[in-house]
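# Chain and residue survey
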Amino acid sequence: MGGDIGRVIPRETVRAAWAANPSGTPAMWIRDRLAGVFSEKDFTGWYPADGRRGLSPVTLALVSVLQFAENLTDRQAALAVRCRIDWKYCLGLELTDPGFDHSVLSEFRDRMAQDDRADRLLAVMVQRLVEAGLIKQRGRIRTDSTHVLAAVRKLNRVELVGETLRVALEELAAADEDWLATVMTPEWAGRYARPVRYDRLPRGKDELAVHVLQIGRDGMRVLEAVHAVGVRQRLRDLPGVQVLRQVWVQQYWTDQHGDLAWRAAKSSRDRQSRHGRPRRSSSADGEEQADTIAARVPWSGVEIVSPHDPEARYCRKEGKSTTKAEWVGYRDHQSETCEEGVPNVIVHVVTRPAPVQDIDAVEDIHAGLTACGLIPDEHLVDTGYLTPDLIHHTAQRWGIALIGPVRADPRGRPGFTKEDFHVNWEDHTVTCPRGVTSPPWKPTLGDGKPRLSVLFPRAACRACPDRAACTGDANGKGRHLTLLPEPLQKIQTLNRADQQSQPWKARYALRAGCEATVSETTRAHGLRNCRYKGLAKTHVQHVLTAAGTNIIRLADCYTPGIVPDRPPRPVSQLQRLCRRLSAQTPQ
Ligand code: SF4
């Protein structure tokens with residue numbers, strides 16, 4: 001097997017494929033309807049121009065998409081190329097073609113993980129679907145995210161430092177065993193010869209503290225040795241040594257006496273803050289608290305949690321059930337079309353470390369949709385993806401209407417909300433429901449962004465019968481409001497009013513379909529668990545999963561019956577009895 005994908009399907013393959021599959025299969029549908037989706041020119045620059053001709057990248061891309069459509073391993077996919085008639089039909093192979101070794105699929109994904117090749121491949125597929133009239137170019141798109149578990153074991157902090165040092169030692173031993181023998185001492189064999197696991201750690205708090213510092217000193221010895229004058233740069237550049245250096249910075253610090261010390265764990269208050277980023281104190285003892293924060297491990301966005309996948313991150317999502325509340329890994333954002341009467345197609349995928357919030361992916365999603373020539377008129381998202389700032393920015397920069405519920409008033413108690421006040425933008429004043437007009441507002445900052453601070457006169461509020469409900473302050477302080485700049489405040493007010501109306505709810509109801517897509521990609525295509533390590537290869541998995549999902553959906557929609565229906569759920573003996581008894585019951 002070699003060269004380009006078969007331009008003409010061998011006659012015997014056609015005859016056998018249709019004889020065995022009279023309704024066709026998704027693999028046969030791609031070949032017939034989309035002419036195999038990809039072409040050689042889509043892979044220009046992926047391979048060096050000279051050298052021996054290898055397998056066609058078109059073939060490997062198609063096999064990869066079919067593999068993820070059916071959630072197969074590399075070995076199963078290579079076996080399918082060798083044994084399945086419909087796959088041979090799709091690839092244009094003779095029935096006698098022996099296929100290829102499964103390892104080439106892994107090499108192909110390595111190439112695909114470089115730069116933005118994975119995104120370009122999905123963009124090519126989307127472009128073919130547009131050309132085939134299966135997607136509208138300007139329409140509606142909806143986006144949702146889901147958590148993805150890294151392909152590594154969750155480690156506690158002691159396991160993390162021990163395992164990080166062991167991985168670095170493994171790499172150094174492979175690179176220069178004789179040099180490493182001059183650094184290690186015989187006791188290290190007991191500590192690092194086997195994978196570090198919690199059940200092999202010393203028992204007791206004091207013993208564990210001593211052990212942690214011993215690991216720290218061992219790690220420092222390795223780092224000082226590799227950075228010594230005369231040691232080859234190659235040893236310093238080993239990935240395991242680089243991770244060792246970063247983990248030691250994050251987990252240890254040098255105290256005021258110059259001794260190596262173990263950083264304190266994040267406080268529960270830090271974990272509750274957005275992204276797990278430590279909060280800074282504004283109290284009088286702020287200096288002391290800042291020191292304490294410096295001695296803690298860093299926020300989750302940068303903290304390495306496993307040396308086996310240094311890009312995976314810890315995240316905790318508040319308000320979710322305990323099984324979903326915390327995970328180590330990534331976050332996948334899927335954007336799909338949602339036009340009525342045609343199948344929904346996943347057109348863009350963004351993969352980010354787990355703690356990166358949904359709102360931080362919006363700009364990348366719009367840039368990606370623009371790059372593949374699919375700018376929607378409307379983009380339906382949930383609250384996590386939008387703020388008044390972003391709605392305004394998206395309309396101005398991309399010409400897209402970002403639709404979703406903005407956050408409700410954060411007061412969380414009865415009383416007048418911001419929307420009950422009348423804002424006079426010319427006079428820079430606000431009038432409350434009781435008819436009191438505030439003095440002109442003052443510019444201020446909120447989260448580093450411009451805001452307007454409005455304070456009603458204390459005397460007027462003290463005399464007001466609605467004071468307790470309005471100000472929430474029995475001591476008689478005046479009501480305080482924080483407004484956004486004019487265009488943003490108008491967007492927020494309008495959105496909060498709109499999102500209570502039935503027409504808005506009916507328009508927004510389409511977004512709920514995202515949950516079904518998340519369920520489909522995680523349950524049928526294995527998206528929930530990373531197959532590979534590292535952000536780039538995880539993203540390749542997500543792109544191929546999206547492409548595979550699209551193929552199954554389109555084939556099922558345009559050739560009903562091509563995807564086998566699930567067998568009906570079996571009825572139990574008891575259910576049969578219940579049905580018989582209900583049928584006998586007089587109405
Ligand atoms: S408490 Fe002050 S701001 Fe609120 S309604 Fe009364 S007068 Fe107006």
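Below is a short write-up of the structure. What you are looking at is a predicted structure, and each value in this text was computed from that prediction instead of being measured.

## A closer look at the overall build of the protein
From N to C terminus, the protein includes 25 helices and 13 strands. Here the protein holds 587 residues, and 34% of them are scored as buried. Restricting the contact set of the protein to residue pairs at least 6 apart, pairs at least 24 apart contribute 67%.

## Re the site of the ligand
As a structural note, the neighbourhood of the ligand is formed by 14 residues, with Cys432, Cys461, Cys464, Cys470 and Arg479 the closest of them. Listed by contribution, the elements that provide at least two residues to the shell around the ligand are α19 (458-462) and α20 (467-471). Of all the elements, α20 adds the most residues to the shell around the ligand, at three residues.

## Side note on helix α8 (residues 157-175)
Its 19 residues place the ends of α8 27 Å apart at the C-alpha level, agreeing with the 27 Å of an ideal helix rising 1.5 Å per residue. Three or more residues of α8 are buried, namely Leu160, Val161, Gly162, Glu163, Thr164, Leu165, Arg166, Val167, Ala168, Leu169 and Leu172. Where α8 is buried, its residues meet α9 (177-181), α10 (188-192), α11 (205-226), α12 (233-236) and α13 (239-251).

## Concerning the sheet that holds strand β11 (residues 442-446)
Consider a sheet: its strands pair through backbone hydrogen bonds, and that pairing is either parallel or antiparallel. Ordered by their spatial adjacency, three strands build an open sheet running β11-β12-β13, and the pairing between neighbours is antiparallel. Edge positions in the sheet fall to β11 and β13 (480-483), since each of these pairs with one other strand and no more. Neighbouring strand axes in the sheet, compared pairwise and without regard to direction, differ in orientation by 40 degrees on average. Here four bridges tie strand β12 (residues 449-455) to β13, and the two strands are oriented antiparallel to one another. Of the residues in β13, the one forming a bridge with Val454 is Leu481.

## What to know about α13
A rise of 1.5 Å per residue sets the reference length of α13, with its 13 residues, at 18 Å; its end C-alpha atoms lie 18 Å apart and thus fit the reference within 8%. Those residues of α13 that fall on the buried side of the exposure criterion are Gly240, Val241, Val243, Leu244, Val247, Trp248 and Gln251. Projected onto a plane normal to the axis of α13, the buried residues spread over an arc of 155 degrees and lie on a single side. Along α13, exposed side chains directed more than 90 degrees from the buried face belong to Pro239 and Val249. For α13, the secondary structure elements touched by its buried residues are α8, α11, α12 and β2 (252-254).

## Description of the packing of helix α3 (residues 57-69) against helix α24 (residues 535-558)
Between α3 and α24, the shortest axis-to-axis distance is 7 Å and the interhelical angle comes to 75 degrees. Considered as vectors, α3 and α24 are oriented roughly perpendicular to each other. On α24, the residues that touch Ser64, Val65, Phe68 and Ala69 of α3 are Leu544, Thr545, Ala547, Gly548, Ile551 and Ile552. Among the residues making up the contact of α3 with α24, the classes are represented as seven nonpolar, three polar and no charged.

## Concerning the environment of Gln492
Mapped onto the secondary structure, Gln492 falls in helix α21 (residues 486-498). When the C-alpha atoms of Gln492 and Ala408 are compared, they prove to be 9.5 Å apart, with 84 residues separating the residues in sequence. Leave out the neighbours within four places in its chain, and Gln492 touches Pro388, Val406 and Leu484.

Criteria and thresholds
- Counting from 1, residues in each chain are numbered in the order their sequence is written.
- Totals for whole chains, interfaces and linings use all residues, but because this is a predicted model, local features are given only for residues with pLDDT of at least 70 and pairs of side-chain atoms are given and counted only at 80 or more.
- The way it works is that DSSP assigns letters per residue, a run of H or I at least four long becomes a helix, a run of E at least two long becomes a strand, and they are numbered from the N terminus.
- Three classes are used. A residue is buried when 20 or more other C-beta atoms lie within 10 Å of its own, exposed when 12 or fewer do, and partly exposed in between, with C-beta atoms placed from the backbone.
- Two residues form a contact once the distance between their C-beta atoms, set from the backbone, is within 7 Å.
- A residue counts as near a molecule or strand when its C-beta atom, positioned from the backbone, falls within 6 Å of it.
- Multiply 1.5 Å by the residue count of a helix minus one, and that product is the helix's expected span.
- Any two strands with at least two DSSP bridges between them are considered paired.
- Under this scheme, a helix contributes an axis fitted over its contacting stretch, all axes are lines through C-alpha atoms, and angles between N-to-C directions fall in the 0 to 180 degree range.
- Think of it as the arc spanned by the lines of direction from the helix axis to the C-beta atoms.
- Working rule for angles: under 35 degrees goes down as roughly parallel, over 145 as roughly antiparallel, 65 to 115 as roughly perpendicular, anything else as oblique.
- Note on residue categories: nonpolar means Ala, Val, Leu, Ile, Met, Phe, Trp, Tyr, Cys or Pro, charged means Asp, Glu, Lys or Arg, and polar means any other residue, Gly included.

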